[in-house]
Amino acid sequence: MDEAQARDEICRVGRSLFERGYVHATAGNISVRLADSYLITPTDACLGTLQPDRLARLDAQGQQVAGDRASKTIALHRQIYEASASTAAPARCVIHTHSTHLVGCSLQADTAAGGQLAPDAQLLPPITPYFVMKVGRVPHIPYHRPGDAAAAALVAQTITRYAAQGSPVRAVMLARLGPNVWHDTPAAAMAVLEELEETARLWMLCQPRPTPLTEPQIEELRQSFGAHWNW
């Protein structure tokens, strides 16, 4: 899509996420990687009331050239774009939210781990076929303050590590903060977020916790639908 289309689509998706409760107040942000630049929602902007001409535009080096002041998370988004570029799940759009059930899952897991998540921690097990097919593994990144450069570097390292293991990822969960998801377009990235939040909601609602799909069941999803989920 061209820049004008990307601006309109960011605003449409932002409004949809806000109206359906995936984001609240001024939480969350959306970016798109263009051929030679980036678009991102402004800092402290409500995703429900975005205006196309006020989105921030940054050059290829991440320097702002137009629009309202860019969200500080552009540093993390740029790391995701670069780290995922050579994987089977390259990013052209990144969405970050503070979606309720996902943050709830993270709070439970981080608390259970005493605030010391393991380097290979996963947010959710493979409990539904569509989670496996449409989202895949979701690394759970240990807590860092919002905007911490160390978190961005760790996310990039994690993307690279999972791709090398044959499990390219389309989402990571920042502990106690929220998910970052990515895909080719804002609409496609939103679909990943929707499936991920729904899976988290199911996980939170089910007592006792559901058992994961078995390895043969996941292998069938690999063979039939090209799912990227390796053990």
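See the structure shown above.
For the structure given in this document, a descriptive report is provided here. A quick note: this is a predicted structure, and the numbers were derived from the prediction, not measured.

What counts and what doesn't
- Per chain, residue numbering runs from 1 following the sequence as it is written.
- With pLDDT at 70 or above as the cut-off, local features in this predicted model cover only qualifying residues; side-chain atom pairs require 80 or more to be listed or tallied, and sums for whole chains, interfaces and linings still use all residues.
- Neither water nor hydrogens contribute to the side-chain values; these are computed over all heavy atoms in the structure.
- For the purposes of this entry, the term helix denotes a DSSP run of H or I that reaches at least four residues, the term strand denotes a run of E that reaches at least two, and both are numbered from the N terminus.
- This radius of gyration counts C-alpha atoms alone. The globule rule is 2.2 Å times how many residues there are, raised to the power 0.38.
- Throughout, exposure labels follow a simple rule: accessible area from a 1.4 Å probe, protein chains only, divided by the maximum for the residue type, with under 20% read as buried, over 50% as exposed, and the rest as partly exposed.
- Throughout, a contact is declared for two residues whenever any of their heavy atoms are within 4.5 Å.
- For the area figures, the Shrake-Rupley method with a 1.4 Å probe applies, and any residue is considered shielded solely by the protein chains shown.
- A pocket, in this scheme, is an open set of points on a 1 Å grid over the protein atoms alone with protein on both sides within 12 Å along at least 5 of 7 lines, while a cavity is a set where a 1.4 Å probe fits but cannot get out; residues line either one if an atom lies within 4 Å of a point.
- Grid points are joined across faces, edges and corners, and a volume is the space filled by probe spheres set on the points.
- Put simply, a salt bridge is a Lys or Arg side-chain nitrogen that is within 4 Å of an Asp or Glu carboxyl oxygen.
- Nine residue types can take part in a nonpolar core, namely buried Ala, Val, Leu, Ile, Met, Phe, Trp, Tyr and Cys, and a core is a set of them joined through side-chain atoms within 4.5 Å.
- The criterion for an aromatic pair is that two Phe, Tyr or Trp rings (for Trp, the six-membered ring) have centres within 6.5 Å, with stacked assigned to planes under 30 degrees apart, edge-to-face to planes over 60 apart and tilted to the rest.
- For two strands to count as paired, DSSP must find a minimum of two bridges between them.
- Comment: axis = line fitted to C-alpha atoms, over the contacting stretch for helices; angle = value between 0 and 180 degrees taken between N-to-C directions.

What follows concerns the overall build of the protein. When its secondary structure is counted, the protein shows seven helices and eight strands. Computed over its C-alpha atoms, the radius of gyration of the protein comes to 17 Å, within 12% of the 17 Å expected for a compact globule of 231 residues. With respect to the principal axes defined by its C-alpha atoms, the protein has extents near 50 × 35 × 30 Å. Looking at the 231 residues of the protein, the share that counts as buried comes to 49%. Relative to all contacts within the protein whose residues are 6 or more apart in sequence, the contacts with residues 24 or more apart total 65%. Split by element, the accessible area of the protein, about 10500 Å² in all, is 52% carbon and sulfur.

Roughly 470 Å³ of volume is contained in the largest pocket. Lining of the largest pocket is provided by 32 residues; of these, Asn-29, Lys-72, Thr-73, Pro-146 and Gly-147 occupy positions nearest its centre. Elements with a minimum of two residues in the lining of the largest pocket: α2 (74–84) and α5 (149–164). Per-element tally for the lining of the largest pocket: the top contributor is α2, with four residues. In this structure, the second largest pocket encloses a volume near 210 Å³. Taken together, 13 residues line the second largest pocket, and the ones lying closest to its centre are Met-133, Lys-134, Arg-170, Gly-226 and His-228.

Right, let's get into the pattern of salt bridges. Summed over all chains, the structure comprises 11 salt bridges. Across the pair Asp-36 and Arg-57 runs a salt bridge, and its minimum N-O distance is 4.0 Å. A residue pair is termed long-range when its members are at least 10 positions apart, and Asp-36 in the loop between β1 (29–33) and β2 (37–40) and Arg-57 in strand β3 (residues 56–59) qualify at 21 residues. A salt bridge links Arg-54 to Asp-68; its shortest N-O distance comes to 2.7 Å. In this pair, Arg-54 is assigned in the loop between β2 and β3 and Asp-68 in the loop between β4 (64–66) and α2, connecting sequence segments 14 residues apart. What makes Asp-68 partly exposed here is its relative accessible area of 25%. Through salt bridges with shared partners, one network takes in Glu-3, Arg-7, Asp-36 and Arg-57.

One finds Leu-17, Ile-30, Ile-95, Leu-124, Val-138, Val-181 and Leu-196 to be the most contacted residues of the largest nonpolar core, which totals 42 residues. Mapped onto this core, the elements with two or more residues apiece are α1 (3–19), β1, β5 (93–96), α3 (100–112), α4 (129–135), β7 (171–174), α6 (186–205) and α7 (215–225). With seven residues, the top contributor of residues to this core is α6. Setting aside residues no more than four positions away along its own chain, Ile-95 makes contact with Val-13, Leu-17, Asn-29, Ile-30, Pro-179, Asn-180, Val-181, Pro-186, Ala-189, Met-190 and Leu-193. In this structure, Ile-80, Ile-141, Val-155 and Val-169 belong to the second largest nonpolar core, which totals 23 residues.

Turning our attention to the packing of aromatic side chains. If you walk through the whole model with that rule in mind, you get two aromatic pairs. Plain terms: the ring middles of Tyr-38 and Tyr-81 are 5.6 Å apart, the flat faces sit at 35° to each other, and that makes the pair tilted. Of this pair, Tyr-38 sits in strand β2 while Tyr-81 is found in helix α2, placing the two residues 43 residues apart along the sequence. Taken individually, Tyr-38 and Tyr-81 each receive the classification buried, so the pair is uniform in this respect.

What follows is about the sheet that holds β1. Whenever strands of a sheet pair, they do so through backbone hydrogen bonds, lying parallel or antiparallel. Taken in spatial order, the eight strands make up an open sheet running β4-β3-β2-β1-β5-β8-β7-β6, and their pairing is mixed. The open sheet has two free edges, formed respectively by β4 and β6 (140–141), since each of these has just one partner strand. The pairing of β2 with β3 spans four bridges and is antiparallel. Bridge assignment links Tyr-38 to a residue of β3, and that residue is Leu-58. Packed on one face of the sheet, α2 meets β1, β2, β3, β5, β7 and β8 (178–183) and runs near 40° to β1. Contacts from α3 reach β6, β7 and β8, with the element oriented near 60° to β7.

Take the pairing of β5 next. What you see with β5 is no split at all: Cys-93 and Ile-95 on one side and Val-94 and His-96 on the other are buried throughout. In this structure, β1 lies alongside β5, joined through four bridges in antiparallel fashion. Each bridged residue has a counterpart across the sheet, and for Val-32 the counterpart in β5 is Cys-93. Pairing between β5 and β8: four bridges, direction antiparallel. Bridging across to β8, Cys-93 finds its partner in His-183.

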